[in-house]
Amino acid sequence: MTTEQVAPLMRPIMGGIGLAFFLVGLIVYIYEKRKTANCKAETSGIVIAYNFTGGAPLPVVEYQVDGRAYREKHYCYQVITIKKEGQPRAESSGARDVYMDENCAMHVRRDPSINYVEAAERLWKPGSALPVYYNPKKPDQAYVGRKPWKFPVMSRTFMITGIAVALLGLAVSLMATL
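**Student:** If you had to explain the overall build of the chain to someone new, which residues and values would you point to?
**Tutor:** The helix and strand tally for the chain stands at three helices and eight strands. Burial analysis of the chain (178 residues in total) assigns 35% to the buried set. For the chain, the exposed surface amounts to about 10,700 Å²; the carbon and sulfur share of it is 60%.

**Student:** Explain the pattern of salt bridges to me, and be specific about the residues and the numbers.
**Tutor:** This model, assessed by the stated rule, comprises one salt bridge. The closest approach of N and O atoms between E62 and R71, which form a salt bridge, is 3.2 Å. Here R71 falls in the exposed class, since its relative accessible area comes to 57%.

**Student:** Just give me the short version of the sheet that holds strand 1 (residues 41-51), but keep the residues and values in it.
**Tutor:** Taking strand neighbours across the sheet as the criterion, the five strands line up as 3-2-1-7-8 in an open arrangement whose pairing is antiparallel. Strands at the two margins of the open sheet, each flanked by one partner only, are strand 3 (68-73) and strand 8 (142-144). Averaged over all pairs of adjacent strands, the angle between their axes in this sheet comes to 35°, without regard to strand direction.

**Student:** I'd like a rundown of the confidence of the model for the chain, residues and numbers included.
**Tutor:** Low-pLDDT stretches of the model should not have their predicted coordinates read in fine detail. Residues with a pLDDT of 70 or more make up 76% of the chain, whose mean pLDDT is 80. Between the elements of the chain, mean pLDDT differs from a low of 64, seen in strand 4 (residues 78-82), to a high of 94, seen in strand 3. The model gives residues 86-93 a pLDDT under 50, and that stretch makes nine contacts with residues more than four places away or in other chains.

**Student:** Break down unusual backbone geometry for me, citing the residues and quoting the values.
**Tutor:** Positive phi outside glycine occurs at D66, with the angle close to 50°. Relative to the helices and strands, D66 resides in the loop between strand 2 (58-65) and strand 3. When its relative accessible area of 79% is taken as the criterion, D66 is described as exposed.

**Student:** Which residues make up the nonpolar core, and what are the values?
**Tutor:** Membership of the largest hydrophobic core comes to 19 residues, with the highest contact counts inside it found for Y63 and W124. Of all the secondary structure elements, the ones that give two or more residues to this core are strand 1, strand 2, strand 6 (105-109), helix 2 (116-123), strand 7 (129-134) and strand 8. The leading source of residues in this core is strand 2, at four residues.

**Student:** Lay out the pairing of strand 6 with the relevant residues and their values.
**Tutor:** Extensive coverage of strand 6 is indicated by the burial of five of its five residues. Of the two faces of strand 6, both are covered, the one formed by A105, H107 and R109 as well as the one formed by M106 and V108. Relative to strand 6, strand 5 (residues 98-100) runs antiparallel, the two sharing three bridges. Pairing of M100 across the sheet is with M106, part of strand 6.

**Student:** Break down the side chain of K35 for me, with residues and values.
**Tutor:** Mapped onto the elements, K35 comes out in helix 1 (residues 3-38). In this view, K35 contacts Q141, A142 and Y143; residues no more than four positions away in its chain are not counted.

**Student:** Please provide a residue-by-residue account of the packing of aromatic side chains, values included.
**Tutor:** Evaluated as defined, the whole model comprises three aromatic pairs. Considering the side-chain rings of F21 and F158, the 5.6 Å spacing of their centres and the 25° angle between planes classify their relative orientation as stacked. Taken together, the residues F21 in helix 1 and F158 in helix 3 (residues 153-177) connect sequence positions 137 residues apart. Here a set of aromatic residues connected by ring pairs shows up, and it is made of Y63, Y70 and Y134. The ring of Y143 carries the charged tip of K35 above its face, separated from the ring centre by 4.6 Å.

Rules of the game
Residues numbered from 1 in each chain as written. Predicted model: local features only at pLDDT ≥ 70, side-chain atom pairs only at ≥ 80, totals over all residues. Heavy atoms only, no water. Helix = DSSP H or I, 4+ residues; strand = E, 2+ residues; numbered from the N terminus. Buried < 20%, exposed > 50% of the residue type's maximum accessible area, 1.4 Å probe, protein only. Areas by Shrake-Rupley, 256 points an atom, 1.4 Å probe, with all protein chains shown as cover. Salt bridge = Lys/Arg side-chain N within 4 Å of Asp/Glu carboxyl O. Pairing = 2+ DSSP bridges. Axes fitted to C-alpha atoms, helices over the stretch in contact; angles between N-to-C directions. pLDDT = per-residue confidence, 0-100. Contact = heavy atoms within 4.5 Å. Core = buried A, V, L, I, M, F, W, Y, C linked by side-chain atoms within 4.5 Å. Phe/Tyr/Trp six-rings, centres within 6.5 Å; stacked < 30°, edge-to-face > 60°. Lys NZ or Arg CZ within 6 Å of the ring centre and 35° of its normal.

Next comes the structure, spelled out in structure tokens:
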């Protein structure tokens, strides 16, 4: 096929892929916004364990609603890896190996000598209480710590990728017709 034959196909193919990415991002955004809006009730939960998925030690909290127990892990917006090459371990303060900043971003220092269980226990002691915001109609939908206030990262990524792919397809098809 020649460029002139491929160019008209680029717009609908790339546009369709871009639209699909954009729609997935929009659906995730709507879901997260509804969940955030519906989690109006507040209770207190107890730290019972730690979850290490995504590279950050986050607490798992158990909370009670109407006599039934539920579990939810703490929410953080992003995990920031701290790499300090050449710094001797003895100079590192253990409190700064893993911490959460005021924007709910988890900072994790990557070092094989760090005990991440101990770091998580310094942040959230086992048995300590954390606030839980939950949906009174569906108590298993909850946020630990605080409700998110930012645009969900996953939906933003999908939406931006969708727009970029659609614009790329449009640009390629327009350049091929010149």
